[in-house]
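What follows is the residue order along each chain.
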Amino acid sequence: MNQDTICAIATANGVGALGIIRLSGAEAVKIAQKTFKGTDLETVKSHTVHYGYIVDGKTQEARGEKQEAREKSKEDRPEMEEDEEFNIQNSKSKIQNSESSLTQHQTSNTTQELIDEVMVSVFRAPKTFTTEDVVEISFHGSPHIARKILEVLVKNGARLAKAGEFTMRAFMNGRIDLAQAESIADLIASENEASRKVALNQLKGGITNEISVLRNDLLNFTSLIELELDFAEEDVEFADRAAMNQLLLNLRQKLRALIESFQYGNAVKNGVEVAIIGKPNAGKSTLLNALLKEERAIVSEIAGTTRDTIEEVIHLKGTAFRFVDTAGLRETTDVIEKIGVTKAKEKIASAKVLLYLYDERDSTTQEVIAFVKEFYREDLKIVLVHNKVDLTNQETPNSFDATLNQELFPDFCDELLRISAKDQTGIEAVKTVLIDYVENLKDEESNVIITNQRHFDALQKSLQSVLQVEHAVSSGIHTELLAYELRNALEQLGEISGEFTNDEVLGNIFSKFCIGK
Ligand code: GDP
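The chain is annotated in an unreviewed UniProt entry as tRNA modification GTPase MnmE of Kaistella chaponensis. Quoted straight from UniProt, the Subcellular location (unreviewed entry) entry for the chain says "Cytoplasm". Quoted verbatim from the Subunit (unreviewed entry) heading of the UniProt record, the comment on the chain is "Homodimer. Heterotetramer of two MnmE and two MnmG subunits."

In structure tokens:
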């Protein structure tokens, strides 16, 4: 059990209507009470909200009278300037409305600073986020007030929380498992519907349940192996080898399904990187602008003006597509442009979708074919985009595109779109191709989606161990040797939920959280 009571701002940096400071730990209520002028927080019921003031320099006398200060409804809040130095004696009339009984007992030499008018929520252990006593102070959202309140809390015995410390406590105290803790960070970071839904499902225990099913399967298998070991001396044919094989098959399939869901999960969580590539003047910037419907990238008639990569994000059907506008792919002696070309190549390496733009009047089919073949990768969707069709007769059967189709389909790519970036025709088709790309990654069968690289790595290692076990079983390797791989597979799964993990991994996970979470 942690001894320290921690505090931090839970809301975003900057000015807002309200801000929230959270305290967690055994002393949370006591420390809050030391800074609070209003109802005696130490006697209130759990999960209740109280109106009052945060004060600095609360005196013994004042605290002695706290029983008499009664919580007032929001309606009778006095008008008050924030952050004002008060002499209690002088300010009597101002705060009389809400706390007349309290002020009557102030001594004339007691000076306090009222910091802000607040609402304080008290949540007592164990039914709280951290399972410890938690207090939330809702104040007027000025960063300056936030700092002042934190200062007073620290003065009264709290410690500033480290990044992710609240969530880490929730995990350490068994309130949530590690995958759920990670899903909280994902929820906070979610920027669209798909990533929000996936993170929420994980928080609700989606992956946790799936992992426990897998672990049960592994444990069942271990019992069967132990049975076999018991009978080993007697040279009896093991009765249920078929059941063992079935279990292993199940495990393998479930692990594979989870592992495969990562491609979709990753697209949902991190977005899909799309590279727009083509010769200078092919219309890359114009296409990007058409997609964004905003004139962000600089468009110019002079070849090679899009010198650096520009990244823009659009959200289509709940997925973020990260568009990369790049320098033209032509050999150049211009030093700056060379950097751009190198970047373009790097971008293609990390992209999942490549929009290869060409202007028929300025390209040859050989060029396009050579390019596609050079950059082809199994995990890269290449889309040919024939731009500037407004300049050529669209009705004419196009031998240029027919040649590309013949040479490249279906082995290297399977989409050829004819667009006019300038006239914004065919842009919807480009968007549809992108949406379909993500839809096709989705496995309708599986309801749990892996979005986390750490989980993905653990599942892959676990699958390797299961494959080793399968190999050992089928080749009749002595069952005792299986124990090692079985333990490995179990431990890998346990790493996802945090059952088997070390401080370094934990530190690494929680340090990525924001302070106050
Ligand atoms: P980039 O070098 O590939 O980024 O090409 P830009 O987007 O800068 O476009 C180069 C020139 O082609 C600009 O003058 C654009 O207005 C023009 N352009 C781009 N797309 C089209 C199109 O579909 N039709 C026509 N007629 N011109 C286009």
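Here the narrative resumes, following the displayed structure.
(A) Here's a closer look at the UniProt feature "binding site: (6S)-5-formyl-5,6,7,8-tetrahydrofolate" (unreviewed entry) in the chain. Under the UniProt annotation, the feature "binding site: (6S)-5-formyl-5,6,7,8-tetrahydrofolate" (unreviewed entry) is placed at Arg22, Glu136, Arg175 and Lys517. Its location among the elements puts arginine 175 in the loop between α5 (165-172) and α6 (178-189). In contact with arginine 175, other than residues within four places in its own chain, are Thr128, Phe129, Thr131 and Ala170. Within the local environment of arginine 175, its side chain forms a polar contact with the backbone oxygen of threonine 128, the two atoms lying 3.1 Å apart. Mapped onto the fold, lysine 517 is located in the segment after α17 (503-511). Judged by its relative accessible area of 17%, lysine 517 falls in the buried class.

(B) Expanded view of α6. Here α6 contains twelve residues, and its C-alpha end-to-end distance of 17 Å stays within 8% of the 16 Å for a straight helix at 1.5 Å per residue. Taken residue by residue, α6 has Leu178, Ala179, Gln180, Ala181, Glu182, Ser183, Ile184 and Asp186 as its buried positions. Between the side-chain oxygen at the start of α6 and the backbone nitrogen of alanine 179 there is a gap of 3.1 Å, and the oxygen is on aspartate 177.

(C) Layout of the packing of α6 against α17. Closest axis-to-axis distance for the α6/α17 pair is 10 Å, and the angle between their directions is 25°. Of the possible angle classes, the one that applies to α6 and α17 is roughly parallel. Along the contact surface, α6 presents Leu178, Ala181 and Glu182, while α17 presents Leu506, Ile509 and Phe510. When grouped by side-chain class, the residues that make up the contact of α6 with α17 number five nonpolar, no polar and one charged.

(D) Representation of the side chain of serine 121 within the structure. Here serine 121 shows up in strand β6 (residues 111-123). Judged by relative accessible area, which is 14%, serine 121 ranks as buried. The residues touching serine 121, leaving out its near neighbours within four places in the chain, are Thr48, Val49, Val134, Val135 and Glu136.

(E) Just the packing of aromatic side chains, in detail. Inspection of the entire model under this criterion finds eight aromatic pairs. Centroid distance phenylalanine 262 to phenylalanine 456: 4.3 Å. Interplanar angle 20°. Geometry classified as stacked. Of this pair, phenylalanine 262 sits in helix α9 (residues 241-270) while phenylalanine 456 sits in helix α15 (residues 453-474), placing them 194 residues apart in sequence. Taking the relative accessible area as the measure of exposure, phenylalanine 262 reaches 8% and is therefore buried. In this structure phenylalanine 456 comes out as buried when scored by relative accessible area, which is 15%. Their ring planes at 25° and their centres at 5.4 Å tell us that tyrosine 358 and phenylalanine 400 sit as a pair that is stacked. With tyrosine 358 in strand β12 (residues 353-359) and phenylalanine 400 in helix α13 (residues 399-408), this residue pair connects regions lying 42 residues apart in the sequence. What makes tyrosine 358 buried here is its relative accessible area of 1%.

Cut-off values and rules
Residues numbered from 1 in each chain as written. Predicted model: local features only at pLDDT ≥ 70, side-chain atom pairs only at ≥ 80, totals over all residues. Heavy atoms only, no water. UniProt positions renumbered as here; feature names shortened; annotations may be inferred. Helix = DSSP H or I, 4+ residues; strand = E, 2+ residues; numbered from the N terminus. Contact = heavy atoms within 4.5 Å. Polar contact = N/O pair within 3.5 Å; in protein donor to acceptor, adjacent residues only side chain to side chain. Buried < 20%, exposed > 50% of the residue type's maximum accessible area, 1.4 Å probe, protein only. Expected span 1.5 Å × (residues − 1). Axes fitted to C-alpha atoms, helices over the stretch in contact; angles between N-to-C directions. Parallel < 35°, antiparallel > 145°, perpendicular 65-115°, else oblique. Nonpolar A, V, L, I, M, F, W, Y, C, P; charged D, E, K, R; others polar. Phe/Tyr/Trp six-rings, centres within 6.5 Å; stacked < 30°, edge-to-face > 60°.

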